[in-house]
Amino acid sequence: MTATDTSRTRPAEPLSADRPPAPVRLDPLGELLRACAHGDEKALARLYRLTSPKLFALALSILRRRPEAEEALQEAFVSIWGNAHRFEPARGSAMTWMVTIVRNRALTSLRRRPPEADARVDQLSLRDDAPDPLESALRSSEGRRIMTCLERLDAEQRRSIVLAYVHGFTHQELSRRLGAPLGTVKSWIRRGLISLRDCLDHG
Amino acid sequence: MADRDRNILNLLAGEYVLGTLDGRARRRFERYRDGDAAICAEVEGWERRLSGLVDTLQPVEPPAHLLDAIVQKIAAPSRRKAESGGFWRGFGLAAAVAATLACFYVGWLSAVPPATPALMVAVLSDNSSTPAMVIRRAGDRPVLLIEPARVTPPPAGRALELWLIPAGAPAPVSLGLLPASGAAEIALDPAMAAELGPGAVLAISEEPTGGSPTGLPTGPVLYQGPVLSRS
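*Asks:* Which residues make up the overall build of chain A, and what values go with them?
*Replies:* The helix and strand inventory of chain A stands at 11 helices and zero strands. The order of helices and strands in chain A, counted from the N terminus, is α-α-α-α-α-α-α-α-α-α-α. The contacts of chain A with a sequence gap of at least 6 include a subset with a gap of at least 24, amounting to 62%.

*Asks:* Describe the packing of helix H3 (residues 41-63) of chain A against helix H5 (residues 94-112) of chain A, naming the residues involved and giving the relevant values.
*Replies:* All names here are of chain A. Viewed as axis vectors pointing N to C, H3 and H5 meet at an angle of 25°, and their least axial separation amounts to 9 Å. When the axis of H3 is compared with that of H5, the two are roughly parallel. Here H3 runs over H5; the crossing is right-handed. Of the residues in H5, those in contact with Thr-51, Leu-55, Leu-58, Ala-59, Ile-62 and Leu-63 of H3 are Met-95, Met-98, Val-99, Val-102, Arg-103, Ala-106, Leu-107, Ser-109 and Leu-110. Grouping the amino acids of the contact of H3 with H5 by side-chain chemistry returns 12 nonpolar, two polar and one charged.

*Asks:* A description of unusual backbone geometry should follow, citing residues and the corresponding values.
*Replies:* If you check the backbone angles, Arg-64 of chain A has positive phi at about 60° while not being a glycine. Among the secondary structure elements, Arg-64 of chain A is positioned in the loop between H3 and helix H4 (66-83).

*Asks:* Quick one: what's the story with the packing of H4 of chain A against H5 of chain A, residue by residue and with numbers?
*Replies:* Two numbers describe a pair of packed helices, the interaxial angle and the distance between the axes. Residue and element names in this part refer to chain A. Contact geometry of H4 with H5 gives a least axis separation of 9 Å together with a crossing angle of 135°. Between H4 and H5, the crossing angle belongs to the class labelled oblique. The handedness of the crossing between H4 and H5 is right-handed. Residues Glu-68, Ala-72, Leu-73, Glu-75, Ala-76, Ser-79 and Ile-80 of H4 form the contact with H5, whose own contacting residues are Met-98, Ile-101, Val-102, Arg-105, Ala-106 and Ser-109.

*Asks:* So what about the interface of chain B and chain A? Which residues, and what values?
*Replies:* At the junction of the two partners, chain B supplies 67 residues and chain A supplies 79 residues. Breaking the side of chain B that touches chain A down by element, the ones donating at least two residues are helix H1 (3-18), helix H3 (37-50), helix H4 (65-75), helix H5 (87-111), strand E4 (158-165), strand E5 (173-178) and strand E8 (221-229) of chain B. Looking at the side of chain B that touches chain A, the element that brings in the most residues is H5 of chain B, giving nine residues. Residue composition of the side of chain B that touches chain A, by class: 39 nonpolar, 18 polar and 10 charged.

*Asks:* Run through the sheet that holds strand E2 (residues 131-137) of chain B, naming residues and quoting values.
*Replies:* Residues and elements named next belong to chain B. In spatial order, the strands read E5-E4-E7-E8-E1-E2-E3-E6; together these eight strands make up an open sheet with antiparallel pairing. Each edge of the open sheet carries a strand with a single partner, namely E5 and strand E6 (184-187). Neighbour-to-neighbour, the strand axes of the sheet open up by a mean angle of 25°, direction not taken into account. Pairing analysis gives eight bridges linking E4 to strand E7 (residues 201-208), with the strands arranged antiparallel. Within E7, the residue paired with Leu-162 across the bridge is Ile-204.

*Asks:* Describe the environment of Gly-199 of chain B, listing the residues and the values that go with them.
*Replies:* Residues and elements named next belong to chain B. Examined against the element boundaries, Gly-199 turns out to sit in the loop between helix H6 (190-195) and E7. Note on Gly-199: 14 C-beta atoms within 10 Å, which makes it partly exposed. Along the sequence, Gly-199 and Val-227 sit 28 residues apart, while their C-alpha atoms lie 6.7 Å from each other. Ignoring any residue separated from it by four or fewer positions in sequence, one finds Gly-199 in contact with Ala-167 and Gly-168.

*Asks:* Kindly report on H4 of chain A, identifying the contributing residues and their values.
*Replies:* Taking 1.5 Å per residue as the helical rise, H4 of chain A with its 18 residues ought to reach 26 Å, and the 25 Å between its terminal C-alpha atoms agrees with that figure. Taken together, the buried positions of H4 of chain A are occupied by Ala-69, Glu-71, Ala-72, Leu-73, Glu-75, Ala-76, Phe-77, Ser-79, Ile-80, Trp-81 and Asn-83 of chain A.

*Asks:* Give me the pairing of strand E1 (residues 120-125) of chain B: which residues, what numbers.
*Replies:* Residues and elements named next belong to chain B. As paired elements, E1 and E8 share four bridges and run antiparallel to each other. Note on E8: the bridge partner recorded for Ser-125 is Gln-224. Taken together, the five bridges between E1 and E2 define a ladder with antiparallel strand orientation. If you follow Val-123 over to E2, its bridge partner there is Val-134. The loop that links E1 with its antiparallel partner E2 comprises five residues; one of these, Ser-129, has a positive phi angle of about 65°.

Cut-off values and rules
- Residues numbered from 1 in each chain as written.
- Chains lettered and ligands numbered in written order.
- Predicted model: local features only at pLDDT ≥ 70, side-chain atom pairs only at ≥ 80, totals over all residues.
- Helix = DSSP H or I, 4+ residues; strand = E, 2+ residues; numbered from the N terminus.
- Contact = placed C-beta atoms within 7 Å.
- Axes fitted to C-alpha atoms, helices over the stretch in contact; angles between N-to-C directions.
- Parallel < 35°, antiparallel > 145°, perpendicular 65-115°, else oblique.
- Left-handed = near helix turned anticlockwise from the far one by under 90°.
- Nonpolar A, V, L, I, M, F, W, Y, C, P; charged D, E, K, R; others polar.
- Pairing = 2+ DSSP bridges.
- Buried ≥ 20, exposed ≤ 12 C-beta atoms within 10 Å, placed from the backbone.
- Expected span 1.5 Å × (residues − 1).

Here it is, written out as structure tokens:
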């Protein structure tokens, strides 16, 4: 039997490659986003199950109120669905894209809150004896790269950057909570960002 | 741009993404950013660098009803109008999301290929090499036209799913589900459109209704054929 005959008579086989691997591959979340862009609701459900615990933790840590965090997560996922066709894998990972959407949605709600409303939830927010964010981060495997770089920062720089990112704290809030003058906090952030960038990009 | 300016711009973008660039400075930065590819690239760079910080948080399982609410919303967008919450709030939040995506949108616009009309066609054959359908790109519109010639409709509970294997790629990427007849127009995203060149293969597999549960073909591959295109 010739090779051609074999290929004609063989049963359907899974698609696979007899070619070298591609330089750019979509991560699994990117694949799901792509399916969402084509209207696949099951893909959205899978995407949600895979990412919502992290994204909900983020919304919750910024908004510090469950109902608002739930609303933010819900609306963010509706946006993710509606804008999935705009996701470009070459410009960043699917998780980065979704984190950006959830975070901006949550920060917008936070910044719109009247100041007194925010003060009322202070008891829910970070305690003074809260563990260094690095401790919980080190348990995760995914963020190991940024954690390695965070470790190289001074404790104040690290704390300011992580608190600003995951709690949405402004310079003023950081200054109040960390008990340092505004200018000091600003320079912690600036120097911390520079070190983080140099470490992530080059080392 | 001088190195010094670039460094300042990069740090502004970092503070913007971190959220510590506030009030007027934030709005001014957004005005400069919109439509500026260089600033967008700085912003995206920081979004990439900092998004790993989410791992400093312990994951929290959201309540079970949330997914149902999301599915309901995307299935019936018209229902959204009837909901409480107020027009302005909804408007502002939609604008916030649009701002998030502004850079991606700019990127999308610049990714649209120049005016040479695309010519792309693929003839998909079944396992006995009998041509079953023609798939072609409609000019330079990001649309694939699928014209069945000899397509057997899938059995009940099964569906036809179209896959693209880009040249050199180890695994297929779903382009979407086809109706039972096989005739369809499928919207292409720009990244996929760019992959529809020589060396790529289009294929159709039989999957559960709703599509492959794994993101890769799970059922038999019924039809396949190479992509032919003018380069």
